[in-house]
Amino acid sequence: MAEKHLIALDLDGTLLKDDKTISPRNKKIIEKAKANGHIVMIATGRPFRSSEMYYRELELDTPIVNFNGAFTHHPLDQNWGFYHEPLDVKVAKEIVDACRSFQFHNIIAEVMDDVYFHYHDEKLLELFSFGKPRITTGDLANFLTDSPTSLLIHTEEDQLKKIRDHLSEVHAEVIEQRSWAAPWHVIEIIKTGLNKAVGLKKAADYYGIPADRIVAFGDEDNDLEMLEYAGHGIAMGNAIAQVKNIAKGVTLSNEEDGVGEYLADLLNL
């Protein structure tokens with residue numbers, strides 16, 4: 001039997017197929033890995049409310065990393081620790097004000113399960129209403145009073161670089177920023193120093209698992225640090241070039257059970 005490994009799963013574009021389901025093959029291999037004593041956890045950019053159903057579907061009993069590392073907790077163990085590191089509300093409001101000089105569709109602030117929309121937006125409301133958050137709409141400069149876990153700027157592709165360049169110039173020392181994959185041209189902002197690897201390391205330290213026995217899967221730029229940290233940092237076949245370049249290996253795509261195939265091979269499942 002293989003030594004105990006810690007397996008960290010990104011959700012969208014990685015564990016989940018494009019229809020947002022977990023394939024029977026992936027589920028079966030993950031069940032086998034757990035039965036063999038390996039530890040399986042989720043590390044996602046999603047809030048907990050929209051990843052909880054996958055946590056339950058996989059019958060996990062481990063910590064979970066949400067908001068790309070801005071929130072890490074153990075849903076079944078209140079004593080494990082509750083690590084929530086939001087972006088300073090003053091910085092968030094400065095970014096909102098700066099955005100007025102650019103073209104953008106909307107700005108969304110998430111304070112854990114409270115969601116604030118700068119403008120009313122039916123399409124995005126649908127995307128963010130999972131898990132029934134409390135939703136507030138109105139100018140964030142006035143309505144946002146708490147420090148947000150994350151800030152999202154929805155814009156057009158031609159504005160993306162301009163806004164990101166401005167953020168790098170003015171706020172580089174206090175924020176981490178990422179952009180979502182097409183079709184959503186979204187800039188995601190969290191507090192500086194946070195990423196999925198930060199949350200994953202908390203879990204690894206808790207379980208006493210060294211980096212060389214951590215297997216992490218990802219496909220987007222919010223997975224980079226996690227894949228660099230893990231001894232087995234594996235890019236999906238559908239991953240962006242930047243992720244494939246830093247990964248220690250590449251597996252099949254999320255539509256081809258890439259997670260399950262790699263684990264079955266590595267852990268003899």
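One numbering rule holds for all chains: residues counted from 1, following each sequence as written. Restriction of local features to residues with pLDDT of at least 70 applies here, the model being predicted, together with a cutoff of 80 or more for giving and counting side-chain atom pairs; totals for whole chains, interfaces and linings are based on all residues. Computation of side-chain values: all heavy atoms of the structure, hydrogens and water removed.

J.: Can you tell me about the overall build of the chain, naming the residues and giving the values?
T.: The helix count covers DSSP runs of H or I at least four residues long, the strand count covers runs of E at least two residues long, and both are numbered beginning at the N terminus. Within the chain, the secondary structure is distributed over eleven helices and 14 strands. The quantity called the radius of gyration is restricted to C-alpha atoms. Its globule counterpart is 2.2 Å times the number of residues to the power 0.38. Relative to the 2.2 N^0.38 estimate, which gives 18 Å for 269 residues, the radius of gyration of the chain is 18 Å and therefore close to what a compact globule would have. Accessibility here uses a 1.4 Å probe with only protein chains present; expressed as a share of the type maximum, an area under 20% marks a residue as buried, one over 50% as exposed, and anything in between as partly exposed. Counting all 269 residues of the chain, 53% fall into the buried class. When checking whether two residues touch, look at their non-hydrogen atoms; a contact exists if any pair is within 4.5 Å. Contacts in the chain between residues at least 24 apart in sequence constitute 55% of all its contacts with a sequence separation of at least 6. Where accessible areas are quoted, they stem from the Shrake-Rupley method and a 1.4 Å probe; at the residue level, only the protein chains shown are allowed to cover. Carbon and sulfur atoms make up 48% of the accessible area of the chain, which amounts to about 12000 Å² in all. Charge assignment in this entry is limited to Lys and Arg as positive and Asp and Glu as negative, and neither His nor the chain termini are counted. Charge positions come from single atoms, namely NZ of Lys, CZ of Arg, CG of Asp or CD of Glu. A distance of 3 Å separates the average location of the 28 positive side-chain charges in the chain from that of its 44 negative side-chain charges.

J.: Break down the packing of helix α4 (residues 89–99) against helix α7 (residues 157–171) for me, with residues and values.
T.: Relative orientation and spacing of two packed helices are given, respectively, by the angle between their axes and the distance between those axes. Orientation is described by axes fitted as lines to C-alpha atoms, over the contacting stretch for helices, and by angles from 0 to 180 degrees between their N-to-C directions. The contact between α4 and α7 brings their axes to 12 Å, and the two run at 140°. The orientation of α4 with respect to α7, classified from their angle, is oblique. Crossing of α4 over α7 shows right-handed handedness. In this structure, α4 contributes Val91, Glu94, Ile95 and Ala98 to the contact, and α7 contributes His166, Leu167 and His171. Of the residues in the contact of α4 with α7, the class split is four nonpolar, two polar and one charged. Roughly parallel means an angle under 35 degrees; roughly antiparallel, over 145; roughly perpendicular, 65 to 115; everything else is oblique. Two helices crossing with the near one rotated counterclockwise from the far one by less than a right angle form a left-handed crossing, whereas a clockwise rotation gives a right-handed crossing. Note that Gly is not counted as nonpolar here; it falls among the polar residues with everything else outside the nonpolar set of Ala, Val, Leu, Ile, Met, Phe, Trp, Tyr, Cys and Pro and the charged set of Asp, Glu, Lys and Arg.

J.: Can you tell me about empty space enclosed by the protein, naming the residues and giving the values?
T.: Definitions used throughout: a 1 Å grid over protein atoms alone; a cavity as a set of points that fits a 1.4 Å probe which cannot get out; a pocket as an open set with protein on both sides within 12 Å along at least five of seven lines; a lining residue as one with an atom within 4 Å of a point. Grid points are joined across faces, edges and corners, and a volume is the space filled by probe spheres set on the points. A complete count under the given rule lists one cavity of 30 Å³ or more for this structure. Of the voids in this model, the largest cavity is the one considered here, and its volume is about 40 Å³. If you trace the largest cavity, you find it lined by Gly69, Ala70, Thr72, Tyr83, Glu85, Leu194, Val198 and Lys202. Grouping the amino acids of the lining of the largest cavity by side-chain chemistry returns four nonpolar, two polar and two charged.

J.: Talk me through the domain arrangement of the chain; I want residue IDs and the actual numbers.
T.: For the chain, the assigned domains read domain 1 (6–84 + 194–267) and domain 2 (89–191). Taken together, the 17 residues of domain 1 in the interface contact 18 residues of domain 2. Interface of domain 1 and domain 2: buried area, both sides summed, is about 1500 Å²; carbon and sulfur atoms make up 53% of it. Contact with domain 2 buries area across many residues of domain 1, yet Arg49, Phe67 and Leu194 alone supply 47% of it, more than any other trio. A pairing counts as a salt bridge when a side-chain nitrogen of Lys or Arg comes within 4 Å of a carboxyl oxygen of Asp or Glu. At the surface where domain 1 touches domain 2, the tally comes to three salt bridges. Of the charged contacts, one joins Asp113 and Arg49 as a salt bridge, the two residues approaching to 3.1 Å between their closest N and O atoms. Definition of a polar contact: a pair of N or O atoms within 3.5 Å, with one able to donate and the other able to accept a hydrogen when the atoms are protein atoms, and with sequence-neighbouring residues admitted only if both atoms are side-chain atoms. Summed over the shared surface of domain 1 and domain 2, the number is eight residue pairs in polar contact (both at pLDDT 80 or more). By residue class, the composition of the side of domain 1 that touches domain 2 is seven nonpolar, six polar and four charged. Each domain's limits were defined by an automated method or a database of domain assignments. Buried area: the accessible surface (1.4 Å probe) lost by two parts on joining, summed over both.

J.: Just give me the short version of the pairing of strand β1 (residues 6–9), but keep the residues and values in it.
T.: Every second residue of β1 is oriented toward a common face, with Leu6 and Ala8 on one face and Ile7 and Leu9 on the other, all of them buried. As paired elements, β1 and strand β2 (residues 39–43) share four bridges and run parallel to each other. Its bridge partner lying in β2, Leu6 is registered against Ile39. Pairing geometry for β1 and strand β12 (residues 214–218), over four bridges, is parallel. Pairing of Ile7 across the sheet is with Val215, part of β12. Whether two strands pair depends on DSSP finding at least two bridges between them.

J.: Describe the layout of surface pockets, naming the residues involved and giving the relevant values.
T.: Roughly 990 Å³ of internal volume is contained in the largest pocket. Contributions of two or more residues to the lining of the largest pocket are made by α1 (11–15), α3 (52–57), α5 (122–128), β9 (150–154) and β10 (175–179). No other element matches the three residues that α5 contributes to the lining of the largest pocket. Split into classes, the residues belonging to the lining of the largest pocket amount to 14 nonpolar, ten polar and 15 charged. Here the lining of the largest pocket spans two domains, and each of domain 1 (6–84 + 194–267) and domain 2 (89–191) adds at least three residues to it.

J.: Which residues make up the pairing of strand β8 (residues 134–137), and what values do they have?
T.: In this structure, strand β7 (residues 114–117) lies alongside β8, joined through four bridges in parallel fashion. If you follow Asp114 over to β8, its bridge partner there is Arg134. Crossovers are described as right-handed under a simple rule: with the strands pointing away from the observer, the path leading from the first strand over the helix to the second runs clockwise. Handedness of the crossover joining β7 and β8 through α5: right-handed.

J.: Give me a negative patch on the surface: which residues, what numbers.
T.: A cluster of like negative charges, contributed by Asp18, Asp19, Glu255 and Glu256, occupies part of the molecular surface. Considering the arrangement of structural elements, one finds Glu256 in the loop between β14 (249–250) and α11 (258–266). Note that patches include only residues with greater than 30% relative accessible area and no salt bridge, and the join distances are 9 Å for like charges and 5 Å for nonpolar side chains (Val, Leu, Ile, Met, Phe, Trp, Tyr).

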